[in-house]
Amino acid sequence: MKIDILAIGVHPDDVELSCAGTILKHIALGKTVGILDLTKGELGTRGNAKLRTEEAMAAAKILGVTFRKQLNLKDGFFENNESNLIPIIEVIRESQPEIVLANAISDRHPDHGRAAKLIADACFYSGLLKIETFQQNKNQEAWRPKVLYHYTQDNYLTPDFVVDVTEYLDEKLKAIKAFSSQFYNPSSTEPLTPISDEHFFEFIKSKMNVYGRSIGVKYAEAFTKSRTIGVSNLFDLI
């Protein structure tokens, strides 16, 4: 069950919208990736929890991840407390990722920043020996990921680094569009939202283009760090 990267989002589609290209790239490099949704997105204006779960599993299949799990934290009203930290810690200890990708530290949707802090705390507490969690009635081993990176979301944030995902743009968009209830559909009778506008996918591509331009590529995804990044030599930065 051990994986290399665990991508966590508070809502289904957070991961796809923000770091699907990075996931696809690392799977192509031979790395294993899992996804964890903290809620079912039940407060979303369009669709419902059941439909969004079905869409999430379809997107996971497109991405080729090792697993996708969903917790039952309360969309919009979850708190940073023990009852919400423990199930995240259990997944971290079960899958033992080296890297965790998490929600943006600050964003238009208030859930995103709160989830970023919740996930960061879970990563830390997962490494504490005296916090006991269990899987199949067996005590889980403590595990702390080596690094935590926060993807950017709706708001523009100055990145600490960006990842060239030009080659994976089309597959990323395909994974996002698996959440068909959330995006533009001219025959839909559901209310319009900021992401159901017909120009939303142009916004996604334009933002990725801006991030890519900074490193001389067409499309990139952006991340911020929670601690200093170390490299073995200067040529790792080229």
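What counts, and at which threshold
Residues numbered from 1 in each chain as written. Predicted model: local features only at pLDDT ≥ 70, side-chain atom pairs only at ≥ 80, totals over all residues. Heavy atoms only, no water. Axes fitted to C-alpha atoms, helices over the stretch in contact; angles between N-to-C directions. Helix = DSSP H or I, 4+ residues; strand = E, 2+ residues; numbered from the N terminus. Parallel < 35°, antiparallel > 145°, perpendicular 65-115°, else oblique. Left-handed = near helix turned anticlockwise from the far one by under 90°. Contact = heavy atoms within 4.5 Å. Nonpolar A, V, L, I, M, F, W, Y, C, P; charged D, E, K, R; others polar. Salt bridge = Lys/Arg side-chain N within 4 Å of Asp/Glu carboxyl O. Buried < 20%, exposed > 50% of the residue type's maximum accessible area, 1.4 Å probe, protein only. Pairing = 2+ DSSP bridges. Polar contact = N/O pair within 3.5 Å; in protein donor to acceptor, adjacent residues only side chain to side chain. Patch = residues over 30% accessible without salt bridge, like charges linked within 9 Å, V, L, I, M, F, W, Y side chains within 5 Å. Areas by Shrake-Rupley, 256 points an atom, 1.4 Å probe, with all protein chains shown as cover. Expected span 1.5 Å × (residues − 1). Bend = angle between axes of the 7 residues up to and from the residue. Phe/Tyr/Trp six-rings, centres within 6.5 Å; stacked < 30°, edge-to-face > 60°. Lys NZ or Arg CZ within 6 Å of the ring centre and 35° of its normal.

Looking now at the packing of helix α1 (residues 14-28) against helix α5 (residues 169-177). Two numbers describe how α1 lies on α5: the axes approach to 9 Å, and their chain directions differ by 135°. The orientation of α1 relative to α5 falls into the category oblique. Considering only the axes of α1 and α5, their crossing is right-handed. Of the residues in α5, those touching α1 at Glu16, Leu17, Ser18, Cys19, Ala20, Gly21 and Leu24 are Glu171, Lys172, Ala175 and Ile176. When its residues are assigned to classes, the contact of α1 with α5 shows 6 nonpolar, 2 polar and 3 charged.

Attention now moves to the pattern of salt bridges. In total, this model carries 12 salt bridges according to the counting rule given. A salt bridge links Arg68 to Glu16; its shortest N-O distance comes to 2.6 Å. On the criterion of sequence distance, the pair formed by Arg68 in strand β3 (residues 67-70) and Glu16 in helix α1 is long-range, its members being 52 residues apart. By the burial criterion, Arg68 is buried, and Glu16 matches it.

On to the sheet that holds strand β4 (residues 99-102), then. The 7 strands are arranged β3-β2-β1-β4-β7-β9-β8 in an open sheet whose pairing can be described as mixed. A strand with exactly one partner marks an edge of an open sheet, and here the two such strands are β3 and β8 (161-164). With direction set aside, neighbouring strand axes in the sheet form an average angle of 25°. Both strand β2 (residues 33-37) and β3 contribute to a ladder of 4 bridges, which runs parallel. What sits directly across from Gly34, in β3, is Phe67. Most of the contacts of helix α2 (residues 49-63) go to β3, to which it runs at about 160°, and overall it touches β2 and β3.

What follows is about the side chain of Ser196. Mapped onto the elements, Ser196 comes out in the loop between α5 and α6 (200-213). A distance of 2.8 Å separates the side chain of Ser196 from the backbone nitrogen of Thr193, its partner in a polar contact. Sequence-distant contacts of Ser196, defined by excluding residues within four places in its chain, comprise Arg46, Gln182, Phe183, Tyr184 and Pro191.

Another aspect to go through is a nonpolar patch on the surface. Residues Ile229, Val231, Leu234, Phe235, Leu237 and Ile238 make up a contiguous nonpolar surface patch of about 720 Å² in total accessible area. Here Val231 is to be found in the segment after β9 (220-225).

We now examine α1. With 15 residues, α1 extends 21 Å from end C-alpha to end C-alpha; this agrees with the ideal 21 Å at 1.5 Å per step. Of all the bends in α1, the greatest measures close to 70° and is centred on Ala20. α1 sits mainly inside the fold: 11 of its 15 residues count as buried. What α1 keeps buried is the set Asp14, Val15, Glu16, Leu17, Ser18, Cys19, Ala20, Gly21, Thr22, Ile23 and Leu24.

What follows covers the side chain of Gln182. One can find Gln182 in the loop between α5 and α6. At a separation of 2.9 Å, a polar atom in the side chain of Gln182 contacts the main-chain carbonyl oxygen of Arg46. Ignoring sequence-local partners within four residues, the contact set of Gln182 consists of Asp13, Arg46, Gly47, Arg52, Thr193, Ile195 and Ser196.

Now for the packing of aromatic side chains. Counting across every chain of the model gives 8 aromatic pairs. Aromatic side chains Phe200 and Phe201 sit 6.0 Å apart centroid to centroid with 75° between the ring planes, which places their arrangement in the edge-to-face category. Both residues of the pair, Phe200 and Phe201, belong to the buried class. Every member of this aromatic cluster is reached through a ring pair, and the members are Phe183, Phe200, Phe201 and Phe203. It is Arg114 that lies over the ring of Phe78; its NZ or CZ is 4.1 Å from the centre.

Take it as geometry only, folks, not as evidence of what the structure does.
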